[in-house]
Amino acid sequence: MTDSKLDLLQGTLDLMVLQTLSVMGSLHGYGIARRIEQISDDTVLLNQGTIYAALVRLQHRGWIAAEWGISDNNRKAKFYSITRAGKKQLAKDAVYWQRLSEMMGRVLNMEAGE
Amino acid sequence: MRGKEPKSVAGSAREVVNRSRAFFRKKRLDHDLNEEMESHLDFAIEENMRRGLSQEEARRQAMIRFGGVMQAKELQRESRGLPGVDVFIQDAKYACRILLRDKSFTLIAVLILALGIGANIAVFSVVNAILVRPLPFRDSQQLVWMAPAASKCGFSCETYTADAYDEFRAMNRAFQDVAGYFAFSSSDNMKLTGRGQPKPATGILVTQNFFQTLGVEPVYGRLFLSEEARKGARPVVLLANAFWRRQFAGDPGIVGQPIDIDGKPTTVVGVLPESFDFGSVFSPGAKVDMFAPTILDDMRPWGNILALVGRVKPDLTVAQAQADANIVLPKLYFNVNMPDSLGSYKDKPMQLMALKEYVSGKLRPPLIVLWCAVGTILLIVCVNLANLMLARAATRTKEFALRLALGAGRIRLIRQLLTESLVLSLAGAALGLAIAYGITDFLAHQGSIALPMLNSIRVDGDALAWTVAIAVIAAALFGIVPGLKVSRSDVQEALKDSGPGMSEGRKHERMRAFLVISEVAMACVLLVGAGLLLRSFLRVLDVDLGFQPSHAAAVKVDYDDGNNANSGERRGIIFREMLRQVEAIPGVESAGVVDYLPLERNRSWGSPGIKGKHYEPGERPGAFVYMVTPGYLQAMGMRLHGRDFTWDDGPKGEPVIILNHAAAHYLFPADNAIGSMVQMNGEDRRVIGVIQDVHEANVEGTPGWQVYFPVMQENPVGAELVVRTKLPPEALAGSVMGKLRELNPNQSAAEFRTIQKIVDHAVSPRRFFVLLVVSFAVFGVALAALGIYGVISYSVTQRTQEIGIRMALGATVGRVQLGVIGNTVRLALVGIVLGTAASYLVARGIAALLFGTAPTDPITFAGMILVLGSVALLAGYIPARRASRINPMVALRNN
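Residues numbered from 1 in each chain as written. Chains lettered and ligands numbered in written order. Predicted model: local features only at pLDDT ≥ 70, side-chain atom pairs only at ≥ 80, totals over all residues. Heavy atoms only, no water.

Asker: Help me understand the overall build of chain A, please; the structure alone is not making it clear to me.
Answerer: Tallying secondary structure elements over chain A gives 4 helices and 3 strands in all. Each of the 114 residues in chain A was classed as buried or not, and the buried ones make up 44%. The contacts of chain A with a sequence gap of at least 6 include a subset with a gap of at least 24, amounting to 51%. (Helix = DSSP H or I, 4+ residues; strand = E, 2+ residues; numbered from the N terminus. Buried < 20%, exposed > 50% of the residue type's maximum accessible area, 1.4 Å probe, protein only. Contact = heavy atoms within 4.5 Å.)

Asker: Explanation requested: the nonpolar core in the structure shown.
Answerer: If you look at soluble globular proteins, the nonpolar side chains tend to sit buried side by side. Residues and elements named next belong to chain B. The biggest cluster of nonpolar side chains holds 213 residues, and the ones touching the most others in it are Phe211, Phe291 and Tyr708. Counting residues per element, this core draws most heavily on helix H24 (residues 755-798), at 20 residues. Among the nonpolar cores identified, the runner-up in size contains 42 residues, and Ala591, Met680, Val707 and Val723 belong to it. (Core = buried A, V, L, I, M, F, W, Y, C linked by side-chain atoms within 4.5 Å.)

Asker: Just checking my understanding: could you explain the environment of B:Gly479 for this structure?
Answerer: Residues and elements named next belong to chain B. Counting through the fold element by element, Gly479 comes out in helix H17 (residues 461-487). Residues Gly479 and Val383, 96 residues apart in the sequence, show an inter-C-alpha distance of 10.0 Å. Non-local contacts of Gly479, meaning those with residues more than four positions away in its chain, are made with Leu418 and Ser421.

Asker: Looking at this model, I keep getting lost on the interface of chain A and chain B. Mind explaining?
Answerer: On the side of chain B, 32 residues touch chain A, which itself brings 36 residues to the contact. Regarding the contact of chain A and chain B, the summed buried area is about 3,300 Å², with carbon and sulfur atoms giving 51% of it. Counting the surface chain A buries against chain B, the share from its top three residues, A:Tyr52, A:His60 and A:Arg61, is 22%. Inspection of the region where chain A meets chain B yields 7 salt bridges. In this structure, B:Arg65 and A:Glu37 form a salt bridge, with 2.8 Å as the shortest nitrogen-oxygen distance. Where chain A touches chain B, the interface holds 18 residue pairs in polar contact (both at pLDDT 80 or more). For the side of chain A that touches chain B, the secondary-structure elements that each account for two or more residues are helix H1 (12-24), helix H2 (29-39), helix H3 (51-60), strand E3 (76-82) and helix H4 (84-108) of chain A. With 6 residues, H3(A) is the largest single contributor of residues to the side of chain A that touches chain B. Its residues placed into classes, the side of chain A that touches chain B shows 12 nonpolar, 14 polar and 10 charged. (Buried area = accessible area lost by both parts, 1.4 Å probe. Salt bridge = Lys/Arg side-chain N within 4 Å of Asp/Glu carboxyl O. Polar contact = N/O pair within 3.5 Å; in protein donor to acceptor, adjacent residues only side chain to side chain. Nonpolar A, V, L, I, M, F, W, Y, C, P; charged D, E, K, R; others polar.)

Asker: I keep staring at H24(B) and nothing clicks. Help me out?
Answerer: Because the α-helix completes a turn every 3.6 residues, residues three or four places apart line up on one side. Over its 44 residues, H24(B) runs 61 Å from end to end, which matches the ideal 64 Å to within 8%, given 1.5 Å per residue. The largest bend along H24(B) measures about 60 degrees and falls at B:Val763, with the proline B:Pro765 one to four residues further on. (Expected span 1.5 Å × (residues − 1). Bend = angle between axes of the 7 residues up to and from the residue.)

Asker: Explain the sheet that holds strand E1 (residues 27-28) of chain A to me, please; I cannot follow it from the model alone.
Answerer: Residue and element names in this part refer to chain A. Pairing is antiparallel across the open sheet formed by 3 strands, whose spatial order is E1-E3-E2. Edge positions in the open sheet fall to E1 and strand E2 (64-70), since each of these has one partner strand only. Taken together, the 7 bridges between E2 and E3 define a ladder with antiparallel strand orientation. For Ile70, the partnering residue across the bridge sits in E3 and is Lys76. This element, H3, spans E2 and E3 of the sheet and lies at about 120 degrees to E2. (Pairing = 2+ DSSP bridges. Axes fitted to C-alpha atoms, helices over the stretch in contact; angles between N-to-C directions.)

Asker: Just checking my understanding: could you explain the packing of helix H15 (residues 397-405) of chain B against helix H16 (residues 410-444) of chain B for this structure?
Answerer: The packing of two helices is summarised by the inter-axis angle and the distance between the axes. Residues and elements named next belong to chain B. The N-to-C vectors of H15 and H16 enclose an angle of 140 degrees; their axes lie 10 Å apart at closest approach. For the pair H15 and H16, the sense of crossing is right-handed. Where H15 abuts H16, its residues Phe400, Arg403 and Leu404 lie against Arg410, Arg412, Leu413, Gln416 and Leu417. Taken together, the residues of the contact of H15 with H16 break down into 4 nonpolar, 1 polar and 3 charged. (Left-handed = near helix turned anticlockwise from the far one by under 90°.)

Asker: Would you mind showing me how to read the pairing of strand E10 (residues 290-293) of chain B here?
Answerer: A regular strand places its side chains on the two faces of the sheet in alternate fashion. Residue and element names in this part refer to chain B. Judged by which residues are buried, E10 turns out to be covered on both faces: Met290 and Ala292 on one side and Phe291 and Pro293 on the other are all buried. Note that strand E5 (residues 203-206) and E10 share 4 bridges and pair parallel. In the strand pairing of E10, Gly203 is matched with Met290. Two strands pair when backbone bridges link them, and strand E7 (residues 236-239) and E10 are joined in this way by 2 bridges, in the antiparallel orientation. If you follow Leu238 over to E10, its bridge partner there is Phe291.

Asker: What exactly am I supposed to notice about the confidence of the model for chain B here?
Answerer: Reading predicted coordinates in detail is not appropriate for stretches of low pLDDT. Residues and elements named next belong to chain B. The predicted model of chain B averages 86 in pLDDT, with 95% of residues at 70 or higher. Low pLDDT, under 50, characterises residues 498-504; the stretch is placed with 3 contacts to residues that sit more than four places away or in other chains. Across the interface, the model reports ipTM at 0.85; the global pTM reads 0.78. (pLDDT = per-residue confidence, 0-100.)

Okay, here's the thing in structure tokens:
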């Protein structure tokens, strides 16, 4: 655990998965994990394995759906895609995170006398 | 990594459903996951190899990026299924293994729990059946019992005439309907004839609308029609379900068929449902076989005969109905043909009482006491189990310490211990349930216990829920103590080979001592309560009933006196011959006939008074009336001053009467009753004797006024032959019945009952409670003894070394024993002192249930102290002996 990597806040992984699926369409677990790593320039501390807990959680909530399929390179894999409920949730969560990060930004930029 | 954003309710519900579904599809999902992860790694390896890594390095890198495969799987499973349940199952499996390893502990614990929980379920079932469950009638909360407050003159003062009933029914505005039944039928008052030997049966006359008012529907056929209650209607009956099964083999074809009752063909119009048991509601302990409609026009001159039940209109309260009854009551005639009987009932205001309250209200206090007793038992069981678990936990300190050291959380350990106690508790509950099934089944078939709704006692869904609830509560109670104890123990200290440190051991012991003291104190309370109730019961058995129940028996006899003007004469002849022949049977000392036996049905008609003397209304209680033959008083073992009736006291002789002491003493305070004249119901009679008061209606109350007439001078209702013998009364059954059948071929096969049985029936509710409470107390004391034994024995084991050193240094066997017993006595003494104080309070609480026994009864308290003291000494003596046999050499060598 090097200092240079970001530890994931609770709930952020779920949001990342939703966002990834929303943008990329149908994707398997490895694809999602790779995509998140690429987007974050490998700054996110992600044991790829942990993504499966998030995937089953999102599935249980009905936000994503899963289906076995065949990948481009002819490999059997489970493909995930976002559902309508998932899209709605993503919209809600995105607003929430945006507001939170803006607010945190302001707090952290606070200067004396302000 | 759980989302903290607010989730929608539907989303959460869906998650719960999906999680539960996943819980049951573990295997498939795990397989799925494995495959998915494999393909994940394959993707990664492929990509790495594309970047030019060797296959081995590609695989290594892929694994690194993936992280721990097992952790990932575990994490996924946690998010997927029901991790709590998984842990519980795991804990439960472990608990079962641990418990099976320690068989003797498990056996004792499960047995104790089974007895405690079983007793609780059984009592709950009784309470539920008698107090809680509504009566088995439609909208039973609308039903009310309609009678004046109970008084000294028995059923006759709680009933109404046919005219009063009709008038009340017509004039009231608050009732949907009012129904009644003839309250003076005795058991086996009907004969089923025409099919071989006449069979006795019990029939009750009910008003035509009785079942409609209660809301009872027949299973076959129909209820009574109004024309069937008219004068001269053809006779019909409804059969009780049990009688129908027994007598007619449950044949629905009997409906519409005539059966011969008392020689008259009577049509069966229907069969009542099994849920309707007249006896269990209105006359606990009695079985009723048939119902016939009252022909009120025939009954108008009979006086107060109907016990009334009303159904209040749905939108009215009982208080509103009461107000209505208060208006109607003064307008009632005793007999409409007697104008001056208007207002006969206004002195005895009718009090409406919810039927449920009438049926079981009196049983509430004893049942609550019973429930508390059984609850106390459960507490003692829990304390005992906590104690056993603590002792066990002490021997398992290392196991727990090891688990703590290996990273188990304290919560996890407590959880483990609670699971163990839950497994124990559920095993105990399962066995307890079986015990409770046995007890309730036994009770439900105890027709001889005069408790209402007894036949409906069963372990039902409510009881099952109760079982689960108390099992869980018990498990929490006795599991949390050792749980807290263990989780607080010091890992370092425990892992050292020397076992628990000294300070820990002492704290441990203090906890256990506290538990034992509370156990002893609770056993104290139970013992005092049981002792007081037992003493009361013995007092009740000791009551001078006014007759001698032992060595006497009664049987219902049939006779035909022609039922006309000469009947009195004829009865005299029939009974005289019958008694002469019965008394000739070897073993019969004396015999007599009465129409109503004491402690069974009773009736009263007016009161005797001195002619010309003015009595205030209500000054004299209504007198119980008995029609007897010469010899009856002697056969019952009643004590008579003056002379008995003779066969010469016939219809043409001087009207004579025998008074009981209460009546004679009131009317003739100068003690000159014998030979004086009294007037009763307008007739002058000479008092020829005074007999000791007889408990006519109950054993525990004070007797009222009683009068006896010779059977030749008044019309008796049926006849009970009473015989007194030196032999066991049952031995006479054959010869007496044979003789009766010889005299009258129509004699039915009536039951030959000992008088003692009648008395036993009357005291059966008290016997029932006493039996239960005493067995609880015995169980409680046994548990307390076990608790004391456990603690003392454990401390001896713990202190083996110390005792060994002492003995090596010269302590004598006696000293060692004394030391151990001293410990025991200290524990017991503190428990007894606390318990006595608590018992004192409890005893005051149950004072109303006691009979002839003060709540502070010194014998009971002394007995309790003696019993508990000696039990404690015994429990302490066994370990003390063991302590004194410790071989110092061995003790010092071992560790």
